[in-house]
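Okay, here's what each chain looks like letter by letter:
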Protein chains: 2
Amino acid sequence: MPLRLDSAQSDFEPRFSDLLGAKRESSKDVNDTVASIISDVRARGDAAVAELTNRFDRADVTPSTLAFSADEIAEAAAQVPDHVRAALQTAHDRIKAHHQKQKPEDHIYTDTLGVTLGSRWTAVDAVGIYVPGGLASYPSSVLMNAVPAHVAGVSRIAMVVPTPNGEINPAILAAAQIAGITEIYRIGGAQAVAALAYGTKGIARVDKITGPGNAYVAAAKRQVFGQVGIDMIAGPSEVLVIADSSANPAWVAADLIAQAEHGAGAQSILVTTDTTLADSVAAEVDRQLALLPKQTIAREGWEEFGAIITVSSLEEAAELANRIASEHVEIATDDPQALVPKIRHAGALFLGHHTPEAIGDYVGGSNHVLPTARSARFASGLGVLDFMKRTSLLGCTPSSLAALAEPAVTIAGVEDLDGHGRSISIRLNR
Amino acid sequence: MPLRLDSAQSDFEPRFSDLLGAKRESSKDVNDTVASIISDVRARGDAAVAELTNRFDRADVTPSTLAFSADEIAEAAAQVPDHVRAALQTAHDRIKAHHQKQKPEDHIYTDTLGVTLGSRWTAVDAVGIYVPGGLASYPSSVLMNAVPAHVAGVSRIAMVVPTPNGEINPAILAAAQIAGITEIYRIGGAQAVAALAYGTKGIARVDKITGPGNAYVAAAKRQVFGQVGIDMIAGPSEVLVIADSSANPAWVAADLIAQAEHGAGAQSILVTTDTTLADSVAAEVDRQLALLPKQTIAREGWEEFGAIITVSSLEEAAELANRIASEHVEIATDDPQALVPKIRHAGALFLGHHTPEAIGDYVGGSNHVLPTARSARFASGLGVLDFMKRTSLLGCTPSSLAALAEPAVTIAGVEDLDGHGRSISIRLNR
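Looking up chain A in an unreviewed UniProt entry gives the name Histidinol dehydrogenase, with the organism given as Devosia subaequoris. The Function (unreviewed entry) comment attached to chain A in UniProt states, word for word, "Catalyzes the sequential NAD-dependent oxidations of L-histidinol to L-histidinaldehyde and then to L-histidine."

### What to know about the sheet that holds strand β3 (residues 116–123) of chain B
Spatially, nine strands are ordered β1(A)-β11(A)-β10(A)-β9(A)-β12(A)-β13(A)-β14(B)-β3(B)-β2(B) in an open sheet, and the strand pairing comes out mixed. Strands with a single pairing partner mark the edges of an open sheet, and in this sheet they are β1 (3–6) of chain A together with β2 (107–110) of chain B. Each strand axis lies, on average, 20° off the axis of its neighbour in the sheet, ignoring direction. In terms of strand pairing, strand β9 (residues 238–243) of chain A meets strand β10 (residues 267–272) of chain A through six bridges, oriented parallel. When the sheet's bridge partners are listed, Val241 of chain A is paired in β10 of chain A with Leu270 of chain A.

### Let's talk about the pairing of strand β9 (residues 238–243) of chain B
Residues and elements named next belong to chain B. With six of six residues buried, β9 is to be regarded as a mostly interior element. The alternating pattern of β9 places Glu238, Leu240 and Ile242 and Val239, Val241 and Ala243 on opposite faces, both of which are buried. For the crossover that starts at β9, traverses helix α10 (residues 249–260) and ends in the parallel strand β10 (residues 267–272), the hand is right-handed. Alignment of β9 against strand β12 (residues 328–332), held across five bridges, turns out to be parallel. Of the residues in β12, the one forming a bridge with Leu240 is Val329.

### A word on the UniProt feature "binding site: NAD(+)" (unreviewed entry) in chain A
All names here are of chain A. Per the UniProt entry, the sites bearing "binding site: NAD(+)" (unreviewed entry) are Tyr130, Gln191 and Asn214 in this numbering. Over a stretch of 85 residues, the named residues converge on one spot in the fold, their C-alpha atoms separated by at most 12.6 Å. The residue Tyr130 is located in strand β4 (residues 126–130) in this model. Those residues in contact with Tyr130 that lie beyond four places of it in its chain are Val160, Pro162, Gly188, Gly189, Ala192, Val193, Thr210, Gly211, Pro212, Gly213 and Val217. Here the side chain of Tyr130 touches Gly189 through a polar contact of 2.7 Å, landing on its backbone nitrogen. Assessed through its relative accessible area of 2%, Gln191 is described here as buried.

### Describing the UniProt feature "active site" (unreviewed entry) in chain A
Residue and element names in this part refer to chain A. UniProt's feature table lists "active site" (unreviewed entry) at Glu327 and His328, given in the numbering used throughout. Among the structural elements, Glu327 can be located in the loop between α13 (314–324) and β12 (328–332). Residue class for Glu327 comes out buried when judged on its relative accessible area of 5%. Residues within four places of Glu327 in sequence aside, it is in contact with Pro236, Ser237, Glu238, Ala346, Gly347, Ala348, His368, Leu370, Pro371 and Thr372. Polar side-chain contacts of Glu327 include one of 3.0 Å to the backbone nitrogen of Glu238. With respect to the element layout, His328 can be found in strand β12. If we skip the residues at most four places from it in the chain, His328 touches Ser237, Glu238, Val239, Leu240, Gln259, Ala348, Phe350, Glu357, Asp361 and Leu370.

### Description of the interface of chain A and chain B
How big an interface is tends to be reported as the loss of accessible area on association of its parts. Taken residue by residue, the interface counts 126 residues in chain A and 126 residues in chain B. Both faces combined, the contact of chain A with chain B buries some 10300 Å², and carbon together with sulfur accounts for 58% of it. On the chain A side of the interface with chain B, the three residues burying the most area are Phe378, Leu394 and Arg427 of chain A, jointly 8% of the side's total. Where chain A packs against chain B, one counts 10 salt bridges. Remark: the boundary between chain A and chain B carries 73 residue pairs in polar contact (both at pLDDT 80 or more). Per-element tally for the side of chain A that touches chain B: the top contributor is helix α16 (residues 398–414) of chain A, with 10 residues.

Calculation rules
- Residues numbered from 1 in each chain as written.
- Chains lettered and ligands numbered in written order.
- Predicted model: local features only at pLDDT ≥ 70, side-chain atom pairs only at ≥ 80, totals over all residues.
- Heavy atoms only, no water.
- UniProt positions renumbered as here; feature names shortened; annotations may be inferred.
- Pairing = 2+ DSSP bridges.
- Helix = DSSP H or I, 4+ residues; strand = E, 2+ residues; numbered from the N terminus.
- Axes fitted to C-alpha atoms, helices over the stretch in contact; angles between N-to-C directions.
- Buried < 20%, exposed > 50% of the residue type's maximum accessible area, 1.4 Å probe, protein only.
- Right-handed = clockwise from strand over helix to strand, strands pointing away.
- Contact = heavy atoms within 4.5 Å.
- Polar contact = N/O pair within 3.5 Å; in protein donor to acceptor, adjacent residues only side chain to side chain.
- Buried area = accessible area lost by both parts, 1.4 Å probe.
- Salt bridge = Lys/Arg side-chain N within 4 Å of Asp/Glu carboxyl O.

The structure is reproduced here in structure tokens:
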């Protein structure tokens, strides 16, 4: 049974805090292992990458076969049935159309003193995309990382994907083909992150690495941060469904199950104003789980991490949602827009009864790489801005410099930086 | 003597690569020390923070005196002379005016299928600002961190500033007062970062930590990333001046010196098309250094990390600037705008002969917290967006869900996530 809470219970606060604080990932410390993998790749390059790949992925690669050849990509992509290819193309086109609206505009202006100020956006030159292989092998994630990078104007995208036992889901390579990615390496783990961050003879270094991975990948991204940019440290996926009596219990249950089937600490929470709905959703989850291919994984996740919380109002639901700061928040009410302004912390909002979270995973057009583990308090989902950076511009005329000189020289003095002050005063007409 | 390079020399490429790769910071591994400080603060809270503060900062605080009282802030701020206060106010007002133009707009629209898509921006609730104390004690940095947070709509700003030997630059507290910060702790180092990230009895946890610090602060920020957001890992400051024969050698020299006086690995590079200018700038640096209060620090920095590079054209200068990806780039030519589009990687651009970098440090209005150590390849300076996050919105109607169902269910099938597909198909009219 998942956790059942009622906000009217006297012990609600400590129990809700426990739910918020519960760890859903093993916190095995892999930092030292990852540090030695990174050093090894920096020291020995492709030979280290190949050796580590063969050891961890039970693969059989050499420095010269780390990259997929154009023929290998084409052959694998050709195995993908037409309707799958068409579905990936639809997803690609919708993701592209939405992300094109995220492109920022430069803004340069002159203020009343005559100072030119502004922001100019430019693309990152080279990006590395980490795509998990093996258990969780998602062609949709290829699109969700590559399309915003392309829209941003990134000129080189290098993709890495581990191939455990030498195997790969051909749909991954089909998605890469649709996204126009031609540089793909059959590597993963900390060794792939190290190769992308520092470069090897065969793999040119990139400027930023995005995409989710396991604990080794997460630790490696943390360690190379600074040498390259990274997107975020991804944790287990999660959904929060806010529902009132207008919700369909079978639909809500299906959405909770969809999240739970990810396993690996994935969490599904229902917050509802309707006790009857709470009961019927619980029953529906049981009924639908029995029919699911991945019922063992989904049931374990639901029972270990799932929760049903009853509250007295939708306002209270929104308050809890802000404290949970979930990756995905569904608003299963007849008037979802009414609740939107009250939910400040969420990776993505799914509006109304006809918007299951899964539609956003694939073809909605918005990005499915979203902040997990309560990081929606401070982080955004992946988007075009993640592949661009802003340069500020400042330009003074002789008169605007003269107008600003006194306060600037004064502050330089307070900061004991006379050279700063002199670089200003030397330009003044005396 | 600083390094002298000419792009026409046959050994230019390896020598330039060495310059790019040169380490300017000691890479003392403080990770283990920092990890144990963080554990200690998590376990023992304010008692640990006070003990560590007394040990590392030679201070004399208790858990109940970690915070500056309102009276202490007011008294310190009152010691600051009027002209300094006015200068800080001018800086504040100009920074605020510029950053208000960075506020992002929500964008919500409905596409041709009837799908509602959009992005909504909200502020981070609580931010921790790290302000260095001691050697590099900069009231301007208080403004550069606090003002964008306020403009973003952050409701709580907690500031930490170490007070070595119990001393603080009163201008730091005056700047905080001008910026409207009332919650200030006399703590620093990894213990301050840990307290902000995890919270103690006396210091509520924040959602994001910004601001530069020493190696311990940088390592702590890296380790708490995920628990909270962080801005960037700050490295030594740097300037690149691009100059042609129209530049004034004395002004260029003053700007190179202003950067070098930061010490601690700060780097000043001149790239010029004019060999005569190169020589006269070198002579001017020597001449002006002799007059500078911090001449020892500045001279050491200039001789150890400085460089003068002669090139054949401004286009070539821009190419080198992109490879250096400097924090600050000055364009000391008569027509700086002509070169702007060619410089893709820079934290900030300073346009023309009358825009010394130092004006941007204080009163230009743009932010002085900028990406260092070549991270302008992928990172932006601090701004309003750093204190906000984007939530994506997705809403389907029954008909738009029906239109998107087939490709979504197809991709779910390829990803072996039947529960995802079912959460969509269960909603279709049968």
